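Residues per chain are reported as follows:
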Amino acid sequence: KEQFLLVKTQYRVSTHVGQPETTEAGSPAPNHFFFEFLVVVSLQQKTKDSPYEPLVIYKFPKEIGLSPPQREEEEKSLQAITLFCFPEGVNWIPLTQYQSETFSFVLTETDGTRRNGFCRRLLPHGRGKRPPEAYCIVSQVACFGLFSKIFDEVEKRREKSMAMIYPFMQSLREAPFPEPGETVQIKSFIPESGTEIITLTRPLESRLEHVDFQILFCYLSNQEILQVFASTLMERRIVFIAEELGTLSQVLHAVAALLSPFAWQHTFISTVPTVLMEVLMAPTPYLLGVHKNTMDGVFDKDDVDDVTPEEINTLVSEAFVSFFIKTVGHYSAHVKRSKSQQPGIFQRKTFCKSIENKSHQQFVTNFIETQMFDVFIQDVERRPASNDGFFSRKIAEYEETKKETDRMRWRRRFLV
């Protein structure tokens, strides 16, 4: 069973290092490609006695006609990807057995844009001892389950020939990315098997398609989950340590998703490469995942009850969204606008004073000073007054339920 350590500082860092604004997970732009490119990263030696180093041996599609500056930028990007595919920094040796694993990471470009990296590491088909290799898909889309299935198809074709990957990925790249709940079918020919139809379906609840909340209950107690949640709200420095990269990436994405409808605005690295370990010394808030080979320490974790992952995702998300509704859900009443379609101004003082619950008021007073709330409310101020959006709909549902509860209490009062 996987074990890992959570390390968090006991103070809040006030220095803000902003990250780009994020949209709801799994909400790509219209006509979006499934992916930008696929690379195969192999461990190779420069000389017989030198250590194995990760190198890109295949890329699809290949970039043609790049200028020297563009070529240099591409090489830097690919070099970063190799580090994330093999982040542990251990001395690799050829193997006869290796348990494949799938994990993800986020690439933040110099201009602040973010892309998702999905990686599957496995032992390539063959005989005798050989080093593992990694397949990495880079996409603007965040959908872990969908890309895991795509990796299954890539792996199946790699066993026959590297050339078999190309026609499948070409068909995938030409296919339209499905809307939430919809399905796309990809035709692909495999020698000796004929034409196959691969079915790829997006979850109906696209907001959670990159998240598995069940992983939190596998490795954290309820109390620890609340401690992690409080630490992220107060924008502290948080480090997770695990032996499996898949565990690291899933835990960190689940923790970040607990903040919805807000978003983590600081450094986020789900698998920190060894060469980037100095990031732990940063005085600013961060959410990091580090392989156990680099840092030791364990906690025993409780198991989760026998509940399906879909039910867990819904229940956990609803619980934490409910917390935000009850503490800051009245924010829209304190955004003053001259006209409904004009930008607004958030009234911080009246917003805080309107909170009757003293414990809520103390939390909100601190929370509105965080960058995640600041970015959230700036977006609210810019947008026209509207009840669109997941959080706004949930607030409206809560208010309606509250009114109905008050009406029932009023009726009981006069019927008794």
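Bear in mind the structure is a predicted one, so any value in this text is a computation, not a measurement.

What counts and how
- Residues numbered from 1 in each chain as written.
- Predicted model: local features only at pLDDT ≥ 70, side-chain atom pairs only at ≥ 80, totals over all residues.
- Heavy atoms only, no water.
- Helix = DSSP H or I, 4+ residues; strand = E, 2+ residues; numbered from the N terminus.
- Buried < 20%, exposed > 50% of the residue type's maximum accessible area, 1.4 Å probe, protein only.
- Arc of directions from axis to C-beta.
- Polar contact = N/O pair within 3.5 Å; in protein donor to acceptor, adjacent residues only side chain to side chain.
- Salt bridge = Lys/Arg side-chain N within 4 Å of Asp/Glu carboxyl O.
- 1 Å grid on protein atoms, 1.4 Å probe; cavity = no way out; pocket = protein on both sides within 12 Å on 5 of 7 lines; lining within 4 Å.
- Points joined across faces, edges and corners; volume = space filled by probe spheres on them.
- Nonpolar A, V, L, I, M, F, W, Y, C, P; charged D, E, K, R; others polar.
- Pairing = 2+ DSSP bridges.

Caption draft 1: View of unusual backbone geometry. For the bond running from Phe60 to Pro61, omega is -10 degrees, close enough to zero to count as cis. On the secondary structure map, Pro61 appears in the loop between β3 (53-60) and α1 (68-85). One non-glycine residue, Glu235, adopts positive backbone phi at about 55 degrees. As for its placement among the helices and strands, Glu235 is situated in the loop between α5 (222-233) and β9 (237-242).

Caption draft 2: Region of interest: helix α9 (residues 358-367). Of all the residues in α9, the buried ones are Phe363, Val364 and Phe367. What you see down the axis of α9 is that its buried residues fit within an arc of 95 degrees, all on one side. Those residues of α9 that are exposed and aimed more than 90 degrees away from the buried face are Lys358 and Gln362. Between a side-chain oxygen at the N-terminus of α9 and the backbone nitrogen of His360 the separation is 3.1 Å; the capping residue is Asn357.

Caption draft 3: Fine view of the pattern of salt bridges. Counted according to the given criterion, the structure contains 18 salt bridges. In this structure, the salt-bridge partner of Glu63 is Lys59, at a minimum N-O distance of 4.0 Å. A relative accessible area of 39% means that Glu63 is categorised as partly exposed. Between Glu153 and Lys156 there is a salt bridge, with the nearest N and O atoms lying 3.3 Å from each other. Residue Glu153 and its partner Lys156 are located together in helix α2 (residues 144-158), separated by 3 residues, close to a single helical turn. One network of salt bridges, in which partners are shared, links Lys59, Glu63, Arg71 and Glu74.

Caption draft 4: Representation of the layout of surface pockets in the model. Approximately 550 Å³ is the volume attributed to the second largest pocket. If you trace the second largest pocket, you find 27 residues lining it, with Pro203, Leu208, Glu209, Val211 and Asn313 closest to the centre. Of all elements in the fold, only α2, β8 (194-201), α6 (245-257) and α7 (309-328) reach the threshold of two or more residues within the lining of the second largest pocket. Broken down by element, the residue count for the lining of the second largest pocket peaks at 6 residues, all from α7. Classifying every residue of the lining of the second largest pocket gives 9 nonpolar, 11 polar and 7 charged.

Caption draft 5: Layout of the pairing of strand β7 (residues 183-190). Side chains Val184, Ile186, Ser188 and Ile190 of β7 all project onto a buried face; the interleaved residues Thr183, Gln185, Lys187 and Phe189 project onto a face where none is buried. Counting the residues between successive antiparallel strands, the hairpin from β7 to β8 contains 3 residues, one of them, Glu192, with a positive phi of roughly 75 degrees.

Function cannot be read off these values alone, since they describe shape.
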